[in-house]
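# Summary of the model geometry
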Amino acid sequence: SWFRSADGGVVYVLLELRQETDYVQHHVQKVLAILAAMARFAAALREAGHRVVHRTLDDPLPGADLPAMLRALAASLGASTIEYQEPDEYRLHAQLSDAFGPGAGSEHFLYPRDGVARVFSGKKQRLMETFYRQARVEHRVLLDDAGKPLGGQWNFDADNRERMPLAHRAPAALEFAHDVRPIADRLERHGVLTIGRADPGVLPWPLDRREQLQLLAYFCDALLPHFGRYQDHLGPADWAYYHSRLSFGLNTKMLHPLEVIRAVEQTHRDDPVRVTLAQAEGFIRQILGWREFMRGIYWERMPEYGTLNALDHHAPLPDWYWTGETKMACLHHTIGQSLDRAYAHHIQRLMITGNFALLAGVHPDAVDAWYLGIYIDAFEWVELPNTRGMSQYADGGTVGTKPYVSSGQYIRKQGHYCGDCAYRVAEKTGPRACPFNALYWHFHARHRARLERNPRIGMVYRTWDKMAPDQRSALLAQGDWLLDNVNTL
Ligand code: FAD
Ligand code: SF4
């Protein structure tokens, strides 16, 4: 609504800021795409008749920090007030609210910052599924005329998450080819340090609303029919499979979550045979459920949430997270793809890179910095609860009811990485054994005091206790060796 009508008394300010390019080392595609999208947005606002100040790194506003810059600009324009919409990251919230008081509520989510806290007021446990069902009712999503869930149930996960046949190929991802070389040159001139790889002559990401809507239409048409079915597939044949890649457009506010949800619901209603309810529901749950839920947890628990380390993990991130140079095929492919494309899908993030970091006892700060930098869609409000919470269990179980760890068997069952690996997924000990196997048992053994009372994990300890003592010792010795030599794997 801020941009609905042109008002000569309002000046919109868009700034390229070193505080934003440098608070973590970002993937080069992420910086390029955000700065290019900002430039397009500034041009679109001008075209619509708005007054705009758009300053690049070449042409910064005077002032030691963002509040000082805005005050100096306001003084030079003769502006009487500075208004802002609530930013998504706590860091910026603290900076702007200290300087200018509270911001206006964000219009880019379905719930306000305290929406989740209000749903669970007075309750200890926060289950995403509870929140999601309420959100379905409140926003009338996938309901029948009587207000009941379509198909008679809320969740169709049991029908989804199949292993993709080896020969099956998903349609190619829809990619654009933007020439953003002037921005790349600017980043270089100013010594902005980035990670990952890009060809700035053909940046593939959609950079404005029109292109994001094209990506949404492509998703509904070509990918949604198999989204849920192959959502958890892991393998080297492709990189996005049936995933939407809409997170960048959603998180930078080029798309509104409700328009994405409505488009998906309508696609199902128009042709329920081609796009079954299981596919549509599985996708909608990610946005209406997980995305809003994670944001609510972030705002309820910040700033303390960013310091949690419930498992007391302190190891550094293995060096090969920055290069992909490991003999483990699953990690080699997932990290290599992340460096090449600033993208990995959810199960790659959770069950490959996240799983290994958790098994290896990496400090959540190091894991957070990696995730916050490397992905095109990474902004702290969504990265932190996913990484520190869901993936690393550093919040002790607020987001996930148990740590997401697995042995190599899960990765084998879920896809096709293991066939090409230097390690043997069926072996638990010895030089060629899949490292996930011994690390899995080592993790549970060293966290027994904390985890064994969790009813979802009890079975693991019963299996461990039934193993022969020499097998347990061999697994622990192998785990010790792997942790000591993690950079060589
Ligand atoms: P799709 O699979 O097509 O899903 C559709 C949409 O659902 C996504 O675009 C996203 O908006 C939403 N969504 C799905 N899962 C989640 C979730 N767990 N939390 C919030 N939204 C979700 N997502 C981010 O947007 N930014 C991050 O920085 C981020 N970091 C993550 C870190 C870890 C360790 C893990 C396990 C997950 C993270 N996610 C993050 C969630 C999820 O992996 C990405 O949203 C998703 O992979 C983006 O790709 P997509 O748009 O193709 O998703
Ligand atoms: Fe990954 Fe182990 Fe499979 Fe290799 S064998 S791809 S390390 S799970």
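Before going into details, it helps to say that this report is about the structure given with it. From a predicted model like this one, the values you see are computed outputs, not experimental measurements. (Residues numbered from 1 in each chain as written. Chains lettered and ligands numbered in written order. Predicted model: local features only at pLDDT ≥ 70, side-chain atom pairs only at ≥ 80, totals over all residues. Heavy atoms only, no water.)

### Structural notes on the overall build of the chain
- Scanning the chain from terminus to terminus reveals 20 helices and two strands.
- Relative to a compact globule of 489 residues, whose C-alpha radius of gyration would be 23 Å, the chain shows 24 Å and is just as compact.
- For the chain, the spread of C-alpha atoms along the principal axes amounts to about 80 × 55 × 50 Å.
- Put simply, the chain has 489 residues, and 53% of those count as buried.
- Long-range pairs, those at least 24 residues apart, make up 74% of the contacts in the chain between residues at least 6 apart in sequence.
- When the accessible surface of the chain is totalled, it reaches about 21100 Å², and 53% of it is carbon and sulfur. (Helix = DSSP H or I, 4+ residues; strand = E, 2+ residues; numbered from the N terminus. Rg over C-alpha atoms; globule rule 2.2 N^0.38 Å. Buried < 20%, exposed > 50% of the residue type's maximum accessible area, 1.4 Å probe, protein only. Contact = heavy atoms within 4.5 Å. Areas by Shrake-Rupley, 256 points an atom, 1.4 Å probe, with all protein chains shown as cover.)

### Focus on unusual backbone geometry
- Note the cis peptide between Met302 and Pro303, where omega equals 5°.
- Checked against the element boundaries, Pro303 lands in the loop between α11 (277-301) and α12 (329-341).
- One non-glycine residue, Ala342, lies in positive phi territory at about 60°.
- Along the chain, Ala342 falls in the loop between α12 and α13 (346-359).
- With a phi angle near 55°, Tyr393 is a residue other than glycine that sits in the positive phi range.
- Counting through the fold element by element, Tyr393 comes out in the loop between α15 (380-391) and α16 (408-414).
- Looking at Tyr393, the relative accessible area reads 6%, which means it is buried.

### Side note on the site of ligand 2
- Close to ligand 2 lie Met328, Ala329, Cys330, Gly408, Ile411, Tyr417, Cys418, Cys421, Tyr423, Val425, Cys434 and Phe436, which account for all nearby residues.
- Assessed atom by atom at 2 Å from the grid points, ligand 2 resides in the largest cavity.
- At the level of secondary structure, the elements contributing two or more residues to the shell around ligand 2 comprise α12 and α16.
- Looking at side-chain class alone, the shell around ligand 2 contains eleven nonpolar, one polar and no charged residues. (Near = heavy atom within 4 Å. 1 Å grid on protein atoms, 1.4 Å probe; cavity = no way out; pocket = protein on both sides within 12 Å on 5 of 7 lines; lining within 4 Å. Sits in = over half its atoms within 2 Å of the grid points. Nonpolar A, V, L, I, M, F, W, Y, C, P; charged D, E, K, R; others polar.)

### Quick notes on α11
- Taking 1.5 Å per residue as the helical rise, α11 with its 25 residues ought to reach 36 Å, and the 34 Å between its terminal C-alpha atoms agrees with that figure.
- A bend of about 30° at Arg285 is the largest found in α11.
- The buried fraction of α11 is high, at 21 of 25 residues. (Expected span 1.5 Å × (residues − 1). Bend = angle between axes of the 7 residues up to and from the residue.)

### Describing the packing of α13 against helix α14 (residues 364-374)
- Contact geometry of α13 with α14 gives a least axis separation of 10 Å together with a crossing angle of 145°. Taken as a pair, α13 and α14 cross one another with a handedness that is right-handed. Only Val367, Trp370 and Tyr371 of α14 make contact with α13, whose side of the interface consists of Arg349, Thr353, Gly354 and Ala357.
- Looking at the contact of α13 with α14 residue by residue, the classes come out as four nonpolar, two polar and one charged. (Axes fitted to C-alpha atoms, helices over the stretch in contact; angles between N-to-C directions. Left-handed = near helix turned anticlockwise from the far one by under 90°.)

### As for the site of ligand 1
- Around ligand 1 lies a shell of 29 residues, among which His243, Ser244, Arg245, Tyr343 and Asn386 are the nearest.
- The backbone of Leu246 places a nitrogen or oxygen atom 3.1 Å from an oxygen atom of ligand 1.
- The contact in question runs from an oxygen atom of ligand 1 to an N or O atom on the side chain of Asn251, over 2.9 Å.
- Burial of ligand 1 by the surrounding chains reaches 99%, relative to a free accessible area of 810 Å².
- When residues of the shell around ligand 1 are traced back to their parent elements, those giving at least two are α9 (247-251), α11, α13 and α15.
- The leading source of residues in the shell around ligand 1 is α11, at six residues. (Polar contact = N/O pair within 3.5 Å; in protein donor to acceptor, adjacent residues only side chain to side chain.)

### Remarks on the packing of aromatic side chains
- Tallied over the entire structure, the rule returns 24 aromatic pairs.
- A ring pair is formed by Phe219 and Phe227, whose centres lie 5.9 Å apart and whose planes are at 80°; its orientation type is edge-to-face.
- Look at Phe219 and you get buried, because its relative accessible area is 0%.
- Overall, the relative accessible area of 4% leaves Phe227 in the buried class.
- Put simply, the rings of Trp320, Tyr321, Phe356, Trp370, Tyr371, Tyr375 and Phe436 touch in pairs and so form one group of aromatic residues. (Phe/Tyr/Trp six-rings, centres within 6.5 Å; stacked < 30°, edge-to-face > 60°.)

### Things to note about the pattern of salt bridges
- Throughout the structure, instances matching the rule amount to 30 salt bridges.
- Between Arg197 and Asp340 there is a salt bridge; the shortest N-O distance is 2.5 Å. Of this pair, Arg197 sits in the loop between α7 (181-189) and α8 (209-223) while Asp340 sits in helix α12, and the two are 143 residues apart along the sequence.
- Taking relative accessible area as the criterion, Arg197 reaches 41% and is therefore assigned partly exposed. (Salt bridge = Lys/Arg side-chain N within 4 Å of Asp/Glu carboxyl O.)

### Concerning empty space enclosed by the protein
- Enumeration over the complete set of coordinates arrives at two cavities of 30 Å³ or more.
- The calculated volume of the largest cavity comes to roughly 100 Å³.
- Around the largest cavity sit 14 residues that line it, and Cys330, Cys418, Cys421, Cys434 and Phe436 are the ones nearest its centre.
- Contributing elements (two or more residues each) for the lining of the largest cavity: α12, α16 and α17 (435-446).
- For the lining of the largest cavity, a count of residues per class yields twelve nonpolar, one polar and one charged.
- Of the voids in this model, the second largest cavity is the one considered here, and its volume is about 50 Å³.
- Together, Pro171, Ala172, Ala173, Leu174, Leu215, Tyr218, Leu223, Ala240, Tyr241, His243, Ser244 and Arg245 line the second largest cavity.
- Split into classes, the residues belonging to the lining of the second largest cavity amount to nine nonpolar, two polar and one charged. (Points joined across faces, edges and corners; volume = space filled by probe spheres on them.)

### Let's talk about the nonpolar core
- Counting 108 residues, the largest nonpolar core has Phe283, Tyr321, Leu331, Phe356 and Phe436 as its most contacted members.
- In terms of residues, this core owes the most to one element, α11, which gives twelve residues.
- Core analysis: the next-biggest nonpolar cluster, separate from the first, contains 29 residues, Leu32, Ile183, Phe248 and Ile376 among them. (Core = buried A, V, L, I, M, F, W, Y, C linked by side-chain atoms within 4.5 Å.)

### Some words on helix α2 (residues 28-47)
- Its 20 residues give α2 an end-to-end C-alpha distance of 29 Å, which sits within 8% of 28 Å, the value for a rise of 1.5 Å per residue.
- Positive phi shows up at Gly49, right after α2, with a value of about 95°.

In short, shape yes, function no, at least from these values alone.
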